[in-house]
Amino acid sequence: SCKVNGVPYDKRFITYEQLREGGEIFFDLGPAPSSWGMAEEARPTSLTTAEEGTKETLWDLFDGKGEICSTVEGYKTLLDNDSLTATAVKAGDCVTVTPAEPKKAVLVTLSCDKKEEAPTAFKVEGSLNGRDFEELTREEGVTFLFDNFIRPFAIPEDKQGAFTAYRITFLSEGTVSEVEILA
C-alpha cells in the first residue's frame, strides 16, 4: 500500500503538482505481491492515446555503434547516460554523430545540471553525406523547470529523414548533463 501525506494512495504515479507541493510518500511493502495499483485508473498517464496504438521504441543514436566527434571539451559526459555528470558548453560548440547506418531521428533530449546554468538555445541538423547539413529544428528561449531536468524536443515530421549524420550545435553557453538523439 501507499500513502501520500498520510492519505491512502492507489496510483502507480505521482503528478508533477504533487511533487512540486512536497510532502511525504510512504510505501508499506509486504512479503508477497498485492493488488495495489492494479486498477485501470491507477495506471500512469501516457503521451499517446489507446487509439494511437503502441509506438515503436526509440533508441539513442549516441549508443556507441557509430562515430562521434565534438568540439565540446569533455563531451563524453554528455553521452554517458548519467544525468549527474555535466559539461560546460560554449556558443558554437557541437556534437556530431554518424550512426552505423542511416536513421530517422524524431526526438532530441537535453538534460540540465543546474536549471539556471543551462543553455537557452540550440539547433539540430541532419546530413545525407556527412558534410552538408540542413537545419531540422532550432530551439530558442529554452528553460528547464528544475535541476537535473530532462527536456524533450520533437523534430518536426516534415524534417525527419534517414540521415547519415546528425549534429547538435549549442547557440548559447551553459552546462549540460546529457544529450540524446532518439531514432
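Residues numbered from 1 in each chain as written. Predicted model: local features only at pLDDT ≥ 70, side-chain atom pairs only at ≥ 80, totals over all residues. Heavy atoms only, no water.

(A) Quick peek at the overall build of the protein. Scanning the protein from terminus to terminus reveals one helix and 14 strands. Principal-axis analysis of the C-alpha atoms places the extent of the protein at approximately 60 × 35 × 30 Å. Per-residue burial over the protein gives 33% buried out of 183 residues. Of the contacts made within the protein by residues no fewer than 6 positions apart, 75% connect residues no fewer than 24 positions apart. (Helix = DSSP H or I, 4+ residues; strand = E, 2+ residues; numbered from the N terminus. Buried < 20%, exposed > 50% of the residue type's maximum accessible area, 1.4 Å probe, protein only. Contact = heavy atoms within 4.5 Å.)

(B) Quick peek at unusual backbone geometry. In this model, N81 sits at a positive phi of 55°, which is unusual for a non-glycine residue. Along the polypeptide, N81 turns up in the loop between β4 (67-70) and β5 (87-89). Residue classification places N81 among the exposed positions, given a relative accessible area of 60%. In this structure, N148 is a non-glycine residue whose phi angle is positive, near 60°.

(C) Local environment of the pattern of salt bridges. The tally for this structure, following the rule as stated, stands at six salt bridges. With its nearest N and O atoms 3.7 Å apart, the salt bridge here joins E101 to K103. (Salt bridge = Lys/Arg side-chain N within 4 Å of Asp/Glu carboxyl O.)

(D) Structural context of the sheet that holds strand β14 (residues 174-182). Ordered in space as β5-β14-β8-β11, the four strands form an open sheet in which the pairing is antiparallel. Both edges of this open sheet fall to β5 and β11 (150-154), since each of them pairs with a single strand only. Within the sheet, the average angular offset between the axes of one strand and its neighbour, ignoring direction, is 45°. (Pairing = 2+ DSSP bridges. Axes fitted to C-alpha atoms, helices over the stretch in contact; angles between N-to-C directions.)

(E) Local environment of the sheet that holds strand β3 (residues 25-27). Spatially, the three strands line up as an open sheet ordered β2-β1-β3, and their pairing is antiparallel. Each edge of the open sheet carries a strand with a single partner, namely β2 (7-8) and β3. Both strand β1 (residues 2-4) and β3 contribute to a ladder of three bridges, which runs antiparallel. Bridged to C2 within β3 is F27.

(F) The side chain of T169, seen in detail. Among the secondary structure elements, T169 is positioned in strand β13 (residues 165-170). Beyond its immediate chain neighbours, meaning those up to four positions away, T169 contacts G92, D93, C94, F122, K123 and E125.

(G) Region of the structure containing the packing of aromatic side chains. Within this structure, the stated rule accounts for five aromatic pairs. Aromatic side chains F27 and W36 sit 6.2 Å apart centroid to centroid with 85° between the ring planes, which places their arrangement in the edge-to-face category. The partly exposed category is assigned to F27, whose relative accessible area is 49%. Between the aromatic rings of F146 and F149, the centroid separation amounts to 4.7 Å while the plane-to-plane angle is 80°, which identifies the pairing as edge-to-face. Each member of the aromatic cluster is reached from another via a ring pair, and the members are F144, F146 and F149. (Phe/Tyr/Trp six-rings, centres within 6.5 Å; stacked < 30°, edge-to-face > 60°.)

(H) Region of interest: the nonpolar core. The biggest cluster of nonpolar side chains holds 29 residues, and the ones touching the most others in it are F122, Y166, I168, F170, V179 and I181. Broken down by secondary-structure element, the contributors of at least two residues to this core are β6 (94-98), β8 (107-112), β9 (121-127), β13 and β14. Excluding anything up to four places from it in sequence, I168 contacts D93, C94, V95, V108, F122, K123, V124, V179 and I181. (Core = buried A, V, L, I, M, F, W, Y, C linked by side-chain atoms within 4.5 Å.)

(I) The environment of E180, seen in detail. Position of E180 among the secondary structure elements: in strand β14. When the C-alpha positions of E180 and N148 are compared, they lie 14 Å apart, and in sequence the two are 32 residues distant. Each residue touching E180, except ones within four places of it in the same chain, is listed here: D60, F62, N81, L107, V108 and T109.

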